[in-house]
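The lines below spell out each chain.
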Amino acid sequence: MKLPDAISSPNSKRVKNAVKLLKRHSRKTMGQFLVEGPQAVREALERHAELGLPGQAPGVPDWVGSNADPRGAVIELFITEEAAEAHPEFVETVKDCDIRWNIITDEVLTELSATVNSQGVVAVCERIDVDLTSVIDKEAQLIVVLSQVRDPGNAGTIIRLADAAGADAVVLTSSSVDIYNDKTVRSTAGSLFHVPVVTGVGLAEVTELARACGLQVLAADANEQSHDIHHPWDSGLDLTARTAWVFGNEAWGMRTEDLELCDSSVAVPIYGKAESLNLATAASVCIYESARNQRM
């Protein structure tokens, strides 16, 4: 496979524009984010191919005038020669979809990568978040809500979990981590391109809409009034019902005022001597219990 000449200077305008996306302010201003690593880039390219977007003019994506939805579209691909040889399908896809692509040196990759041991491929993508009303409706069965979740690894892992459990969407309140943070994106392992994600909304707005659409709102929280998720029938909790699960901050959990916005609180029992569960671990128990019961 014949490859074009590599971009070898970190001062290249195209590289410098992409590097800006390592900062939150630039991601918000430009409406784009970086995706790094073969697995995540593969999912991004597959989504782009499914979008049916028109070709692009040299260097400028041409979404204007088309009926296609550009959210999540791949704007540009940066890949080392070694990675291109290991993943020839990436080069084939960008050519088929008229996506701008560049061979880069390891020096340039270091500028673009947020990891110590990068795997040689970085994509620039359009924002992918959607409106709240597009995911919480009369058809939604399972919604995952992250309220004041600040750890990017936890947020990304829960997005991946929600995807695996077949949830309809993940909602991050305005006080939660940026989903386009490099660690969040990596932690989703490509699931960011599978499950709809909403950002920048208030918890009250989410719970009000969920309830109006017929979903029960459950807070994952251990308190005296909490239902035991392993014995829901003892307290009348119905895990077969359409549900919006709310998960709070890693350190202090759910605030009193946030618990009041929910219908009930549910706790995962601790049978051993551990003080508590990691947020993502507790979320996995809750989300899968709902997914399992809803499918029975």
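See the structure printed just above.
These notes cover the structure that comes with them.

### Digging into the environment of alanine 280
Consideration 1: By the element assignment, alanine 280 lies in helix H11 (residues 279-295).
Consideration 2: Between the C-alpha atom of alanine 280 and that of phenylalanine 247, which follows or precedes it by 33 residues, the distance is 9.3 Å.
Consideration 3: Setting aside residues up to four positions removed in sequence, alanine 280 forms contacts with Asn154, Thr157, Ile158 and Leu161.

### Points about helix H7 (residues 152-164)
Consideration 1: Between its first and last C-alpha, H7 extends 18 Å over 13 residues, near the 18 Å set by a 1.5 Å rise per residue.
Consideration 2: Taken together, the buried positions of H7 are Pro152, Gly153, Asn154, Ala155, Gly156, Ile158, Ile159, Leu161 and Ala162.
Consideration 3: Those residues of H7 that are buried lie in contact with strand S5 (142-146), strand S6 (169-173), helix H8 (182-188) and H11.
Consideration 4: Of the residues flanking the start of H7, the one acting as N-cap is aspartate 151, its side-chain oxygen 3.0 Å from the backbone nitrogen of glycine 153.
Consideration 5: Glycine 166, located one to two residues past H7, shows a positive phi value of around 75°.

### A look at unusual backbone geometry
Consideration 1: At aspartate 98, a position not held by glycine, the phi torsion is positive, near 55°.
Consideration 2: Relative to the elements of secondary structure, aspartate 98 occurs in the loop between helix H5 (88-96) and strand S3 (100-104).
Consideration 3: Phi is positive for glutamine 148, close to 60°, though the residue is something other than glycine.
Consideration 4: Here glutamine 148 shows up in the loop between S5 and H7.
Consideration 5: You can call glutamine 148 buried: its relative accessible area is 8%.

### Concerning H5
Consideration 1: Within the span of H5, buried status applies to Phe90, Val91 and Val94. In an axial view of H5, the angular spread of the buried residues amounts to 95°, which keeps them on one side of the axis.
Consideration 2: Looking one or two places after H5, you find aspartate 98, whose phi comes out positive at around 55°.

### So, the layout of surface pockets
Consideration 1: Roughly 460 Å³ of volume is contained in the largest pocket.
Consideration 2: Surrounding the largest pocket, 22 residues form its lining, Ala220, Asp221, Ala222, Leu277 and Ala282 being those nearest its centre.
Consideration 3: Taken together, the elements giving at least two residues each to the lining of the largest pocket come down to strand S11 (264-267) and H11.
Consideration 4: Of the volumes computed, that of the second largest pocket is approximately 250 Å³.
Consideration 5: Along its surface, the second largest pocket is lined by 14 residues, and Arg24, Arg127, Asp178, Thr199 and Gly200 are the ones closest to its centre.
Consideration 6: Secondary structure elements with two or more residues in the lining of the second largest pocket: helix H2 (24-30), S6 and strand S7 (197-201).
Consideration 7: Counting residues per element, the lining of the second largest pocket draws most heavily on H2, at three residues.
Consideration 8: A per-class count over the lining of the second largest pocket returns four nonpolar, five polar and five charged.

### Quick notes on a negative patch on the surface
Consideration 1: Residues Glu81, Glu82, Glu85 and Asp106 make up a contiguous surface patch of negative charge.
Consideration 2: Broken down by element, the residue count for the negative patch peaks at three residues, all from helix H4 (residues 81-86).

### So, the sheet that holds S3
Consideration 1: The mixed open sheet is built from four strands, whose spatial order is S1-S4-S2-S3. The strands lining the two open edges of the sheet, one partner per strand, are strand S1 (32-36) and S3. Between one strand axis and the next, the sheet turns by 20° as a mean value, whatever way the strands run.
Consideration 2: With five bridges connecting them, strand S2 (residues 74-80) and strand S4 (residues 121-126) associate as antiparallel partners. The residue bridging valine 74 from the neighbouring strand is cysteine 125, located in S4.

About the criteria used
Residues numbered from 1 in each chain as written. Predicted model: local features only at pLDDT ≥ 70, side-chain atom pairs only at ≥ 80, totals over all residues. Heavy atoms only, no water. Helix = DSSP H or I, 4+ residues; strand = E, 2+ residues; numbered from the N terminus. Contact = heavy atoms within 4.5 Å. Expected span 1.5 Å × (residues − 1). Buried < 20%, exposed > 50% of the residue type's maximum accessible area, 1.4 Å probe, protein only. Polar contact = N/O pair within 3.5 Å; in protein donor to acceptor, adjacent residues only side chain to side chain. Arc of directions from axis to C-beta. 1 Å grid on protein atoms, 1.4 Å probe; cavity = no way out; pocket = protein on both sides within 12 Å on 5 of 7 lines; lining within 4 Å. Points joined across faces, edges and corners; volume = space filled by probe spheres on them. Nonpolar A, V, L, I, M, F, W, Y, C, P; charged D, E, K, R; others polar. Patch = residues over 30% accessible without salt bridge, like charges linked within 9 Å, V, L, I, M, F, W, Y side chains within 5 Å. Areas by Shrake-Rupley, 256 points an atom, 1.4 Å probe, with all protein chains shown as cover. Salt bridge = Lys/Arg side-chain N within 4 Å of Asp/Glu carboxyl O. Lys, Arg positive; Asp, Glu negative; His and termini not counted. Charge placed at Lys NZ, Arg CZ, Asp CG, Glu CD. Pairing = 2+ DSSP bridges. Axes fitted to C-alpha atoms, helices over the stretch in contact; angles between N-to-C directions.

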